[in-house]
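Below are the chains, spelled out letter by letter.
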Amino acid sequence: MRIIDHHIVGHSGGAGARTGDVFDPNTGQVQAMVTLGSPADLDRAVAAAQAAQPAWAATNPQRRARVMFNFKALVEKNIDELAHTLSSEHGKVIADSKGDIQRGLEVIEFCCGIPHVLKGEYTQGAGPGIDVYSMRQPLGIGAGITPFNFPAMIPLWMSGVAIATGNAFILKPSERDPSVPVRLAELFREAGLPEGILQVVHGDKEMVDAILDHPAISAVSFVGSSDIAHYVYRRGVEAGKRVQAMGGAKNHGIVMPDADLDQVVADLSGAAFGSAGERCMALPVVVPVGDKTADALREKLIPAIAALRVGVSTDNDAHYGPVVNAAHKQRVENWIQTGVDEGAELVVDGRGFELQGHEKGFFIGPSLFDRVTTDMQSYKEEIFGPVLQIVRAKDFEDAVRLPSEHQYGNGVAIFTRNGHAAREFAARVNVGMVGINVPIPVPVAYHTFGGWKRSAFGDTNQHGMEGVKFWTKVKTVTQRWPDGGVGDAANAFVIPTMG
């Protein structure tokens, strides 16, 4: 049986260590074992990071950027291998796996420009002979705790910016699909990253708590469910760390009466069901405005859903593959039953789906609910599967209110031809990321990613300049070079605000 071990400097194997199963979601079979680390393993990684980080921080930003350029080229060269590995452990189809990797690489492209974004501020003549300037310096050692649904993109979002700004970084990926993060760390070393600057530790809650409690780790970035995000944020802050913790989502898609319904249905097919709905930026709730719009949308959705092809990850014609494991499949199917019990109309039932030849795989067919109401638990909570819910809105005000009042505030989209309605909606809706005729409004890498309310804990978002701010601290220097000699009263220092 293949063993997926840590990527720690000097680590020679985890003999006697606890292990976890890594499944192939297409077959339902265990394909590998992952080593589950202990606090002692983390201590070794931290010691190696402490030894390597000062020299890396002292390396000029241009040389750090060259490592990013080299790494990007290596990932692109190995993208087929990475995508197949990712699909074999996660279950998403190859095209989605390549998209996962590519979106991570876009952050690496941003990091290639790190010499520019690290430039500080400068004021000449802030007072008589006084200049003031600021510099951004690395925090030291950062850590990332990442989820199973994007095993390439989210580790690259975190590690790229942290490393480019001069930090050492310790990654704790999901134990469900750990191979790609290890391979990315290997490619970073091949690209010229010094040993100890990026290490990978595997584990469960024991490792998470060790990271949150370790005094030498200055900052932690997390993506996962909201309850765990809140826990990570609270415990990390109590330990004196800087923490950003991204949580769950229940993204809404508002469909105005003037929207192009054919385009909306095409967008929803990918946004609601792509990657089996296992995306925090999926669009699992569609909000048609008015019953006429809702009836017309439903009529078009039913045949579009019937045309979706569920297949193994390597099926080039499949729209999506299996979910990650048996427990998650059961969880999604339980939510479908909850919706039925709550009185929602189950228009398309994806339960009981079996793929011929892969009957033990973790497959779920697409499901569609109509007449979902806001008091239903299945509406309030994140299902994280191939399930689309129709919540009917009376008017535009109702459509603004629904996502604004939901406990999650990650993303939202509006489909309309009316520029005024779109502008008004974007300004008023209480959600962090907005798409206008864009079903999955994930910002490009040089902007920033982050939701509101229970979708994010902390004050700074992922990647872009917000990421640079998170992984650095500002030092401000006020300097004066007097012309006269020692004791020259004419050159006595006076703080500008006191003069």
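As shown above, the structure is provided for reference.
These lines cover the structure that appears in this document, whether it is placed above or below. (Residues numbered from 1 in each chain as written. Predicted model: local features only at pLDDT ≥ 70, side-chain atom pairs only at ≥ 80, totals over all residues. Heavy atoms only, no water.)

1. Regarding the packing of aromatic side chains
- Within the structure shown, the criterion is met by seven aromatic pairs.
- Both rings, one in Phe71 and one in Phe188, keep their centres 3.7 Å apart while their planes meet at 0°; by these two values the pair is stacked. With Phe71 in helix 2 (residues 61-77) and Phe188 in helix 7 (residues 179-190), this pair connects stretches of sequence that are 117 residues apart. The exposure classification of Phe71 matches that of Phe188, with both residues buried. (Phe/Tyr/Trp six-rings, centres within 6.5 Å; stacked < 30°, edge-to-face > 60°. Helix = DSSP H or I, 4+ residues; strand = E, 2+ residues; numbered from the N terminus. Buried < 20%, exposed > 50% of the residue type's maximum accessible area, 1.4 Å probe, protein only.)

2. Details of the sheet that holds strand 15 (residues 387-390)
- Reading across from one edge, 13-14-15-12-11-17-18 is the order of the seven strands in this open sheet, with mixed pairing throughout. Looking at strand neighbours, the two that pair on one side only are strand 13 (345-348) and strand 18 (433-436), the edges of this open sheet. Neighbour-to-neighbour, the strand axes of the sheet open up by a mean angle of 20°, direction not taken into account.
- Two elements, strand 13 and strand 14 (residues 367-370), share three bridges in a ladder whose sense is antiparallel. Directly across from Glu345, in strand 14, lies its bridge partner Asp370.
- Strands in contact with helix 14 (residues 396-405) are strand 11 (252-255), strand 12 (285-288) and strand 17 (411-415); relative to strand 11, the strand with the most contacts, it is inclined by about 175°. (Pairing = 2+ DSSP bridges. Axes fitted to C-alpha atoms, helices over the stretch in contact; angles between N-to-C directions. Contact = heavy atoms within 4.5 Å.)

3. Structural notes on empty space enclosed by the protein
- A full pass over the atoms with the stated rule returns three cavities of 30 Å³ or more.
- If you add up the space inside the largest cavity, you get close to 80 Å³.
- Forming the boundary of the largest cavity are 13 residues, of which Ala249, Arg279, Pro284, Glu382 and Phe384 lie nearest the centre.
- Its residues assigned to classes, the lining of the largest cavity shows seven nonpolar, three polar and three charged.
- Taken as a whole, the second largest cavity encloses approximately 50 Å³ of empty space.
- Surrounding the second largest cavity, Pro155, Leu156, Ser159, Leu171, Pro181, Leu184, Ala185, Phe188, Leu198 and Val200 form its lining.
- Broken down by secondary-structure element, the contributors of at least two residues to the lining of the second largest cavity are helix 6 (153-164), helix 7 and strand 8 (198-200).
- For the lining of the second largest cavity, the leading source of residues is helix 7, giving four residues.
- For the lining of the second largest cavity, the class distribution of residues is nine nonpolar, one polar and no charged. (1 Å grid on protein atoms, 1.4 Å probe; cavity = no way out; pocket = protein on both sides within 12 Å on 5 of 7 lines; lining within 4 Å. Points joined across faces, edges and corners; volume = space filled by probe spheres on them. Nonpolar A, V, L, I, M, F, W, Y, C, P; charged D, E, K, R; others polar.)

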